[in-house]
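Next come the chains, spelled out residue by residue.
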Amino acid sequence: VCALQTIEYVHAFLLCFNSQQPRFDEHLKGLLKIFRQMFGDDFFKNVIICFTRWSFSKKEIYLREKKKSKTEKELIDEY
């Protein structure tokens, strides 16, 4: 946080989540609140959300459909 306070402008913040176990816990919420206080509400216009470990193989797509897991779009909309 101290290092970020010396920066005048940030082009983007990249938040990476493991798509196999995405967690939006209290720690992350607190961190986002701090960033919002530092950079204002426009902070959220510069956030990029990345989901890692998301396989696009036919087998994995089939398994997600079979388990009725969240689709890529549902996961993105939720976050």
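Definitions and cut-offs
Residues numbered from 1 in each chain as written. Predicted model: local features only at pLDDT ≥ 70, side-chain atom pairs only at ≥ 80, totals over all residues. Heavy atoms only, no water. Helix = DSSP H or I, 4+ residues; strand = E, 2+ residues; numbered from the N terminus. Buried < 20%, exposed > 50% of the residue type's maximum accessible area, 1.4 Å probe, protein only. Pairing = 2+ DSSP bridges. Salt bridge = Lys/Arg side-chain N within 4 Å of Asp/Glu carboxyl O. pLDDT = per-residue confidence, 0-100. Core = buried A, V, L, I, M, F, W, Y, C linked by side-chain atoms within 4.5 Å. Contact = heavy atoms within 4.5 Å. Phe/Tyr/Trp six-rings, centres within 6.5 Å; stacked < 30°, edge-to-face > 60°. Lys NZ or Arg CZ within 6 Å of the ring centre and 35° of its normal.

Draft legend 1. Unusual backbone geometry, seen in detail. In this structure, R53 takes a positive phi of about 60° despite not being glycine. Positionally, R53 belongs in the loop between β2 (47-52) and α3 (58-67). Backbone geometry at K68 places phi at a positive 60°, although glycine is not the residue there. One can find K68 in the loop between α3 and α4 (72-78).

Draft legend 2. Molecular detail of the pairing of strand β1 (residues 13-18). Going residue by residue along β1, you find F13, L15 and F17 tucked away on one face and L14, C16 and N18 left uncovered on the opposite face. Where β1 meets β2, six bridges bridge the pair, whose relative direction is parallel. Each residue of the ladder has a partner; that of L15, found in β2, is I49.

Draft legend 3. Quick look at the pattern of salt bridges. Per the stated rule, a full pass over the model turns up four salt bridges. Among the salt bridges present, the one from K29 reaches E26, with a minimum N-O distance of 3.5 Å. Of this pair, K29 and E26 both sit in helix α2 (residues 26-39), three residues apart, roughly one helical turn. Look at K29 and you get partly exposed, because its relative accessible area is 33%. Among the residues examined, E26 registers a relative accessible area of 61% and is labelled exposed.

Draft legend 4. Summary view of the confidence of the model for the chain. Averaged over every residue, the pLDDT of the chain is 83; the share at 70 or more is 99%. Element-level mean pLDDT values for the chain span from 76 in helix α1 (residues 2-5) up to 87 in α2.

Draft legend 5. A look at the nonpolar core. Core analysis: the largest hydrophobic core is formed by 12 residues, namely L4, V10, F13, L15, F17, L28, L32, F35, F43, F51, W54 and L75. Ignoring any residue separated from it by four or fewer positions in sequence, one finds L15 in contact with L32, V47, I48, I49 and C50.

Draft legend 6. Main features of the packing of aromatic side chains. What the rule picks out here adds up to six aromatic pairs. Ring centres of F35 and F43 lie 5.6 Å apart, and the angle between their planes is 50°; this geometry places the pair in the tilted category. By the burial criterion, F35 is buried, and F43 matches it. By way of ring pairs, the aromatic residues F13, F35, F39, F43 and F44 are connected into one cluster. Across from the ring centre of W54, 4.0 Å away, lies the NZ or CZ of R64, which sits over that ring.

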